[in-house]
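# Structure at a glance
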Amino acid sequence: MTITLWHFLAVAAALFGIGLVGFLTRRNLITMFLCAEMMLQGVAINFVAFARYHGNLDGQVFVMFILAVAACEAGIALALFVSLWRRQRSLDATDLQDLRELGTPLAMDADPLVRPVEEPDPTLTPAGARPKPTAEEVARV
């Protein structure tokens, strides 16, 4: 049995479909980003399959550009995720309501997430400085 063009197209359609469903049903920005990358890879498989079918290298050239753009996109997305996490302590897409256009109504989620109780970040003693002694340590001396 030989692998035909239809096999490649079926795999690409499955990847694109799974990515689309994941992108539309998830609220975590990292998961949404990974699903968008999965859809992009489905398109890349289509380019390679049609290039193989037609016997030229144009599809492979497009895929090289897709991979370069995806790498740049991953770096930018990581920077955005870090800055959003530092700003709001959440990567939920519904928490980004303050980025909407003026005059656009607030989108209310039917199933809001339950937020855990936030604890303060731990702090470490600066390097080279001795920590202040506690009352018990002072009393022992």
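Going by an unreviewed UniProt entry, the protein carries the name NADH-quinone oxidoreductase subunit K and comes from Gemmata algarum. Turning to the protein, the UniProt annotation filed under Sequence similarities (unreviewed entry) states: "Belongs to the complex I subunit 4L family."

### A short note on the nonpolar core
Judged by nonpolar contacts, Leu29, Met32, Phe33, Ala77, Phe81, Leu84, Leu91 and Leu96 together constitute the single largest core of eight residues. Sorting the residues of this core by element identifies helix H2 (29-54) and helix H3 (58-88) as the ones contributing at least two each. When residues no more than four places from it in sequence are discounted, the contact partners of Leu84 are Leu29, Arg89, Ser90, Leu91 and Leu96.

### What about the packing of aromatic side chains?
In total, this model carries two aromatic pairs according to the counting rule given. Relative to Phe81, the ring of Phe33 has its centre 6.1 Å away and its plane inclined at 80 degrees; by these criteria the two rings are edge-to-face. Linking Phe33 in helix H2 with Phe81 in helix H3, this pair joins segments that are 48 residues apart in sequence. In this structure, Phe33 and Phe81 share a single accessibility class: buried. Here the aromatic rings of Phe47 and Phe62 are separated by 5.2 Å at their centres, their planes lie at 20 degrees, and the arrangement is stacked.

### Remarks on the environment of Arg26
On the secondary structure map, Arg26 appears in the loop between helix H1 (5-25) and H2. With 13 residues separating them along the chain, Arg26 and Met39 place their C-alpha atoms 15 Å apart.

### Points about H3
The end-to-end C-alpha distance of H3, which contains 31 residues, comes to 44 Å, matching closely the 45 Å that a straight helix rising 1.5 Å per residue would cover. Buried residues of H3: Gly59, Val63, Ile66, Ala70, Ala77, Phe81 and Leu84, and no others. Where H3 is buried, its residues contact H2. Downstream of H3 by one or two residues, Arg89 has phi in the positive range, about 60 degrees.

### Here's the deal with the UniProt feature "transmembrane region" (unreviewed entry) in the protein
The UniProt feature table records "transmembrane region" (unreviewed entry) at residues 6-24, 31-50 and 62-85. Helix makes up 100% of residues 62-85 and strand 0%. Its end C-alpha atoms lie 34 Å apart.

### Section: the packing of H2 against H3
Contact geometry of H2 with H3 gives a least axis separation of 9 Å together with a crossing angle of 175 degrees. Relative to H3, the element H2 lies roughly antiparallel. Of the residues in H3, those touching H2 at Leu29, Ile30, Phe33, Glu37, Leu40, Gln41, Ala44, Phe47, Val48 and Ala51 are Gly59, Gln60, Phe62, Val63, Ile66, Leu67, Ala70, Glu73, Ala74, Ala77, Phe81 and Leu84. Classifying every residue of the contact of H2 with H3 by side-chain character gives 17 nonpolar, three polar and two charged.

### Some words on the packing of H1 against H2
Orientation of H1 relative to H2, taken along the N-to-C sense of each, is 165 degrees, at an axis distance of 8 Å. With respect to H2, the axis of H1 lies roughly antiparallel. Crossing handedness for the pair H1 and H2: left-handed. Here the contact of H1 with H2 is built from residues that sort into 20 nonpolar, five polar and one charged.

Cut-offs and rules
In this numbering scheme, every chain counts its residues from 1 along its sequence in written order. Whole-chain, interface and lining totals are the exception, using all residues; otherwise, since this is a predicted model, local features are given only for residues with pLDDT of at least 70 and side-chain atom pairs are given and counted only at 80 or more. Water and hydrogen atoms were dropped before computing side-chain values, which therefore reflect all heavy atoms in the structure. UniProt positions are given in the numbering used here, feature names are shortened, and annotations may be inferred rather than shown by experiment. Joining through side-chain atoms within 4.5 Å is the link that ties buried Ala, Val, Leu, Ile, Met, Phe, Trp, Tyr and Cys residues into a set, and such a set is a nonpolar core. The cut-offs for exposure are 20% and 50% of the maximum accessible area for each residue type, with area from a 1.4 Å probe on protein chains only; residues under the lower value are buried, those over the upper are exposed, and the others partly exposed. Put simply, DSSP marks the helices as runs of H or I at least four residues long and the strands as runs of E at least two long, and each gets a number from the N terminus on. Pairs of residues are marked as contacts when any of their non-hydrogen atoms sit within 4.5 Å. Ring pairs are drawn from Phe, Tyr and Trp, using the six-membered ring of Trp, whenever the two centres fall within 6.5 Å, and their geometry is named by plane angle: stacked under 30 degrees, edge-to-face over 60, tilted for the rest. To estimate the expected span of a helix, subtract one from its residue number and multiply by 1.5 Å. Comment: axis = line fitted to C-alpha atoms, over the contacting stretch for helices; angle = value between 0 and 180 degrees taken between N-to-C directions. Roughly parallel here means an angle under 35 degrees, roughly antiparallel means over 145, roughly perpendicular means 65 to 115, and every remaining angle is called oblique. Each residue gets one of three labels, nonpolar for Ala, Val, Leu, Ile, Met, Phe, Trp, Tyr, Cys and Pro, charged for Asp, Glu, Lys and Arg, and polar for the others, Gly among them. Handedness of a crossing is defined here by the sense of rotation of the near helix relative to the far one, left-handed for an anticlockwise turn of less than a right angle and right-handed for a clockwise turn.

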